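So the chains spell out like this:
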Amino acid sequence: MLLEAEGLSVTYGRTRAVASVDLAVGEGEIVTVLGANGAGKTSLLRALQGAVKPSRGRIVLGGRDVTAQSSAARVRGGMVLVPEGRQIFVSMSVHENLLMGAYLRRDGSADADIAAIYERFPNLARRRDMKASVLSGGEQQMLAIGRALVARPRLVMLDEPSLGLSPLFVEQLFSLLRDLNRDGIAILLVEQNTTMALELASRGYVFELGEVVLEGSSDRLLGDEALVAAYLGGAAPLPPPNHPGP
Ligand SMILES: Nc1ncnc2c1ncn2[C@@H]1O[C@H](COP(=O)(O)OP(=O)(O)OP(=O)(O)O)[C@@H](O)[C@H]1O
């Protein structure tokens, strides 16, 4: 396995945001983490990235225990996070944002990788000297992903990347994730867009109150009625056709 979390727990004061979670992502695999708001998905990713110290458990990346390592060391180990809300540097140019992605690389130089990002994202190439604040939401998401790719990851973790994007951009985003995966990059995707996430991923974990309540192949989860009822909007039955209304 490329990434393994074993018995991982995250607590904030008395709140147990992540409770004894076991999770794994294989080399080149796409795995999705689903769950309602507040289920602990962001806390899980932040613990994996090293932004939050887990209260219990361990994280193994490429066979090495990284639980005590800094975020920077984990980036060098091949794991990057595209955080919720993108968190690009809005007062910096597109190009400067991409250069920040190279900052943590051991060699420090990323000209060829940034050129490859511009090839992949022509919209960013056209706007390379503009401030990131003028980009559309979709372009900002592409920039956040582009910046992560400059670090040459083996695993990209994304926290609700489709949030606030138009349906067309969401389609583009998912097709980009598919392309990245074809290039050999493993993906750990936190999404509210349950159906699209399961159609992209090979496996999924469903979180509730910090615990994994369901896990399995995407096909199994897509066919699981309990999951459909709880997470795919199938829980509320439609009123009968002759319903008098309010
Ligand atoms: N920094 C923090 N301090 C205290 N409690 C926190 C903190 N961050 C998250 N929590 C709490 O931990 C729980 C899990 O939150 P988390 O953001 O990880 O869930 P989530 O599944 O990512 O939700 P969302 O989809 O709304 O982002 C929630 O009860 C939340 O209020």
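The structure displayed is predicted, hence computed values, not measured ones.

Concerning the sheet that holds strand S8 (residues 186–190)
1) Next: If you trace the six strands from one edge of the open sheet to the other, you get S6-S7-S8-S3-S9-S10, paired in mixed fashion. Each of the sheet's edge strands pairs with one partner strand only, and the pair in question is strand S6 (79–82) and strand S10 (211–217). Going across the sheet, the axis of each strand differs from the next one's by a mean of 15°, ignoring polarity.
2) Next: Relative to strand S9 (residues 203–208), strand S3 (residues 30–35) runs parallel, the two being bridged by five bridges. The residue bridging Thr-32 from the neighbouring strand is Gly-204, located in S9.
3) Next: Seen against the sheet, helix H1 (residues 41–49) touches S3, S6, strand S7 (155–159), S8 and S9 and runs at an angle of roughly 150° to S7.

Brief notes about helix H7 (residues 167–182)
1) Next: Under the 1.5 Å per step criterion, the end-to-end length of H7 is 23 Å for 16 residues, consistent within 8% with the ideal 22 Å.
2) Next: Among the residues trailing H7, Gly-184 stands out with phi positive, at a value near 100°.

Here we look at unusual backbone geometry
1) Next: Of note, the phi angle at Ser-20 is positive, near 50°, even though the residue is not glycine.
2) Next: Mapped onto the elements, Ser-20 comes out in strand S2 (residues 15–25).
3) Next: Phi is positive for Glu-160, which is not a glycine, with a value near 45°.
4) Next: Relative to the helices and strands, Glu-160 resides in the loop between S7 and H7.

Side note on the environment of Ile-88
1) Next: Considering the arrangement of structural elements, one finds Ile-88 in the loop between S6 and helix H3 (94–102).
2) Next: With 23 C-beta atoms packed within 10 Å, Ile-88 lands in the buried category.
3) Next: Along the sequence, Ile-88 and Phe-174 sit 86 residues apart, while their C-alpha atoms lie 20 Å from each other.
4) Next: The residues touching Ile-88, leaving out its near neighbours within four places in the chain, are Asn-97, Ala-132, Gln-140, Leu-143, Ala-144 and Arg-147.

Thoughts on the pairing of strand S4 (residues 56–61)
It is a general feature of regular strands that their side chains alternate between the two faces of the sheet.
1) Next: Here five bridges tie strand S1 (residues 3–12) to S4, and the two strands are oriented antiparallel to one another. Residue Leu-3 lies in a different strand from S4, and its bridge partner there is Leu-61.
2) Next: In the sheet, S4 pairs with strand S5 (residues 64–65) via two bridges, with the strands oriented antiparallel. Bridge pairing links Val-60 to Asp-65 in S5.
3) Next: Between S4 and S5, which pair antiparallel in sequence order, lie two residues; one of them, Gly-62, sits at a positive phi of approximately 55°.

Observations concerning the site of the ligand
1) Next: Looking at the ligand, the residues that line it are Tyr-12, Thr-15, Ala-17, Gly-35, Asn-37, Gly-38, Ala-39, Gly-40, Lys-41, Thr-42 and Ser-43.
2) Next: Counting only elements with at least two residues in the shell around the ligand, the list comes to S2 and H1.
3) Next: In terms of residue count, the dominant contributor to the shell around the ligand is H1 (three residues).
4) Next: Its residues placed into classes, the shell around the ligand shows three nonpolar, seven polar and one charged.

Thresholds applied
Residues numbered from 1 in each chain as written. Predicted model: local features only at pLDDT ≥ 70, side-chain atom pairs only at ≥ 80, totals over all residues. Pairing = 2+ DSSP bridges. Helix = DSSP H or I, 4+ residues; strand = E, 2+ residues; numbered from the N terminus. Axes fitted to C-alpha atoms, helices over the stretch in contact; angles between N-to-C directions. Contact = placed C-beta atoms within 7 Å. Expected span 1.5 Å × (residues − 1). Buried ≥ 20, exposed ≤ 12 C-beta atoms within 10 Å, placed from the backbone. Near = placed C-beta within 6 Å. Nonpolar A, V, L, I, M, F, W, Y, C, P; charged D, E, K, R; others polar.

Everything listed is a geometric property; what it means functionally is a separate question.
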